[in-house]
Amino acid sequence: PGSYVFPTSFTRDGSKAIYLVSSDVNSGEFYLVDHARGKADYLAERQKLMLPPLMSAMQPFRFKSRDGVEIEGFLTLPSSRPKGQPVPLVVMPHGGPKGPYDSWGFDAEIQLLASRGYGVLQVNFRGSGGYGNEFEKKGYRNWGTTMVNDMTDAGGAVVAQGIADKS
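Small disclaimer: the values here were computed from a predicted structure and weren't measured.

1. Some words on the pattern of salt bridges
The final tally for this structure, using the stated rule, is eight salt bridges. The salt bridge involving D41 is made with K39; its shortest N-O contact spans 3.3 Å. Looking at D41, the relative accessible area reads 31%, which means it is partly exposed. One salt bridge connects D150 with R126, and the closest N-O pair in it is separated by 2.7 Å. Placement of D150 in helix α3 (residues 146-160) and of R126 in the loop between β8 (119-124) and α2 (133-137) is noted, with a sequence separation of 24 residues between them. With relative accessibility at 0%, the residue D150 sits in the buried group. Residue R126 is classed as buried on the basis of its relative accessible area of 5%. Through salt bridges with shared partners, one network takes in R62, E70 and E72.

Put into structure tokens, the structure is as follows:
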């Protein structure tokens, strides 16, 4: 539960397979699954020192932009954050300007920042993929305007909620 389970390879007859199991706090573990026996055996992990209990969870984040469009993204807060205490924030834009998007899953760079006390905000601004053609088209010819405004508004929403330190 709470993980992606992805088959990476199969035997020719399909009776056995190797699966990668990962999540926002787990960089990935490999299991050999014997389908006939219904048994999974642990094989290896991707990054041995990236212990899931020490990682920070990635939470969905929604806000309304200045012109009322609902924008989604993800917020990762340091696991060491005292309850209710604002943290310094890094807004981490994805590539683009159009098409790419951020999705839930493990990201070593985000975990590094969170482990150092930073909140990390990923914004699927207008023009991002994964939300349909109309949403992606809203970013056309708006690289330095609407897209940037969406990221700025996201940061402002996190500050207004008392999650991020205004300064």
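2. Examining the environment of Y118
Relative to the helices and strands, Y118 resides in the loop between α1 (108-115) and β8. On a C-alpha basis, the gap between Y118 and L89 in space is 5.5 Å, while along the polypeptide they are 29 residues apart. In this structure, Y118 is in contact with T76, P78, P88, V90 and L113, ignoring residues within four places of it in sequence.

Parameters and conventions
Residues numbered from 1 in each chain as written. Predicted model: local features only at pLDDT ≥ 70, side-chain atom pairs only at ≥ 80, totals over all residues. Heavy atoms only, no water. Salt bridge = Lys/Arg side-chain N within 4 Å of Asp/Glu carboxyl O. Buried < 20%, exposed > 50% of the residue type's maximum accessible area, 1.4 Å probe, protein only. Helix = DSSP H or I, 4+ residues; strand = E, 2+ residues; numbered from the N terminus. Contact = heavy atoms within 4.5 Å.

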